[in-house]
Amino acid sequence: MAILKKILKYTVVIAFWIAVWQIASMKVDMELLLPSPRATVERLFELAKTREFYDIILQSVRRILIGTIQATLLGVALAIVTAKIGFLHDLISPFMTVVKAVPVASFIVLLLLWMGRDVLPSVISALIVLPIVWTNMETGIRQTDKNLIELSKVYKMGFFKRIWHIYMPSALPYFTSSLSSSLGLAWKAGIAAEVLALPAIAIGKQISDSKLYLETKDLFAWTLAVIIISLIIEKLFVFLIKKATSKKIRIGGSV
């Protein structure tokens, strides 16, 4: 029953905003400025019939996921170290603050001077994810039950065992939260980097070309594709993390 209510709620919300879009399109009455939802979806299906469409999506997803995964691993590793060594936290914290404060567009323009167009979206995605993962993971590690830590020392538990069985279960909810909030941001930032950097095969290039040649239906269709892919990636990652989390809890509970 709860699932049906949730489905109904999301259906109503989506239907409402599609209706708003349709009304706005009818008021403007010019598809060059604002295509209708139907025209956008039809164009998206036309694009989806071509092999090039999937090649472009795969290349963009590959670039952004590479940056996201690398930043996640680095953020976790840094959090483990800085949570224990206060000086390193103080040393790294200003860098993370700057990364969070500087506009994405500034990073894109600056980094374009230093690196190739194909690499830039990965780096931009990594810069978005790194501070979020690091902050959340460090908080999770610091929130670990001190009694469990003392108990592990009494039983002379090794460093890596202590991390795996004590710190990680405490930090996992924070890790899930960080990825849930950063994946969508990383995807949008990566696409923005593609729009400015214009790699040969990229969603961002298609969006830029659509704007340049006034192909508004293409612009809306590719934007809709970006939204759909972002939702799929975010839900898939959260699902996989929850599966891994439940498995980790079962393993930790059996030790």
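Keep in mind that what you see is a predicted model, and the values were worked out from it rather than measured.

About the thresholds
- Residues numbered from 1 in each chain as written.
- Predicted model: local features only at pLDDT ≥ 70, side-chain atom pairs only at ≥ 80, totals over all residues.
- Heavy atoms only, no water.
- 1 Å grid on protein atoms, 1.4 Å probe; cavity = no way out; pocket = protein on both sides within 12 Å on 5 of 7 lines; lining within 4 Å.
- Points joined across faces, edges and corners; volume = space filled by probe spheres on them.
- Helix = DSSP H or I, 4+ residues; strand = E, 2+ residues; numbered from the N terminus.
- Axes fitted to C-alpha atoms, helices over the stretch in contact; angles between N-to-C directions.
- Parallel < 35°, antiparallel > 145°, perpendicular 65-115°, else oblique.
- Left-handed = near helix turned anticlockwise from the far one by under 90°.
- Nonpolar A, V, L, I, M, F, W, Y, C, P; charged D, E, K, R; others polar.
- Salt bridge = Lys/Arg side-chain N within 4 Å of Asp/Glu carboxyl O.
- Buried < 20%, exposed > 50% of the residue type's maximum accessible area, 1.4 Å probe, protein only.
- Patch = residues over 30% accessible without salt bridge, like charges linked within 9 Å, V, L, I, M, F, W, Y side chains within 5 Å.
- Areas by Shrake-Rupley, 256 points an atom, 1.4 Å probe, with all protein chains shown as cover.
- Core = buried A, V, L, I, M, F, W, Y, C linked by side-chain atoms within 4.5 Å.
- Contact = heavy atoms within 4.5 Å.

K.L.:
I keep staring at the layout of surface pockets and nothing clicks. Help me out?
P.N.:
Left-over empty space is what a probe sized like a water molecule reveals as it rolls over the atoms. By volume, the largest pocket is sized at about 540 Å³. What lines the largest pocket is simply Y10, V13, I14, W17, I18, W21, V41, L224, I227, I228, L231 and K235. Going through the elements one at a time, α1 (2–28) and α10 (216–254) are the ones with two or more residues in the lining of the largest pocket. Take the lining of the largest pocket: its biggest share by element is six residues, from α1.

K.L.:
In this structure, what is going on with the packing of helix α3 (residues 51–82) against helix α6 (residues 120–142)? I would like to understand it.
P.N.:
Between two packed helices, the angle of one axis relative to the other and the distance separating the axes together describe the packing. With their axes 7 Å apart at the nearest point, α3 and α6 run at an angle of 30° to one another. Overall, the two elements α3 and α6 adopt an arrangement that is roughly parallel. Relative to α6, α3 is oriented so that their crossing is right-handed. Looking at the contact of α3 with α6, its residues break down into 16 nonpolar, seven polar and three charged.

K.L.:
How should I be thinking about the pattern of salt bridges in this particular structure?
P.N.:
Close approach of charged atoms allows side chains with opposite charge to pair. On inspection of all chains with the given rule, the structure shows seven salt bridges. Between R38 and E42 there is a salt bridge; the shortest N-O distance is 3.0 Å. Of this pair, R38 and E42 both sit in helix α2 (residues 37–48), four residues apart, which is roughly one turn of that helix. Note on R38: relative accessible area 62%, which makes it exposed. A salt bridge links D218 to R43; the nearest nitrogen and oxygen atoms lie 2.5 Å apart. In this pair, D218 is assigned in helix α10 and R43 in helix α2, connecting sequence segments 175 residues apart. Judged by its relative accessible area of 14%, D218 is buried. Owing to a relative accessible area of 22%, R43 belongs among the partly exposed residues under this scheme.

K.L.:
Explanation requested: a nonpolar patch on the surface in the structure shown.
P.N.:
Taken together, V28, M30, L32, L33 and L214 make up a surface patch of nonpolar side chains, about 480 Å² in accessible area. With respect to the helices and strands, the residue L32 is situated in the loop between α1 and α2.

K.L.:
What is the right way to read the nonpolar core from this model?
P.N.:
Generally speaking, nonpolar side chains in soluble globular proteins are found buried as a group. In this structure, V133, M137, I141 and F175 are the most contacted members of the largest nonpolar core, which totals 23 residues. At the level of elements, α3, α4 (86–101), α6 and α8 (159–197) are the ones that each hand at least two residues to this core. When residues in this core are grouped by element, the largest group, eight residues, is from α8. In this view, V133 contacts T72, G75, V76, S178 and L179; residues no more than four positions away in its chain are not counted.

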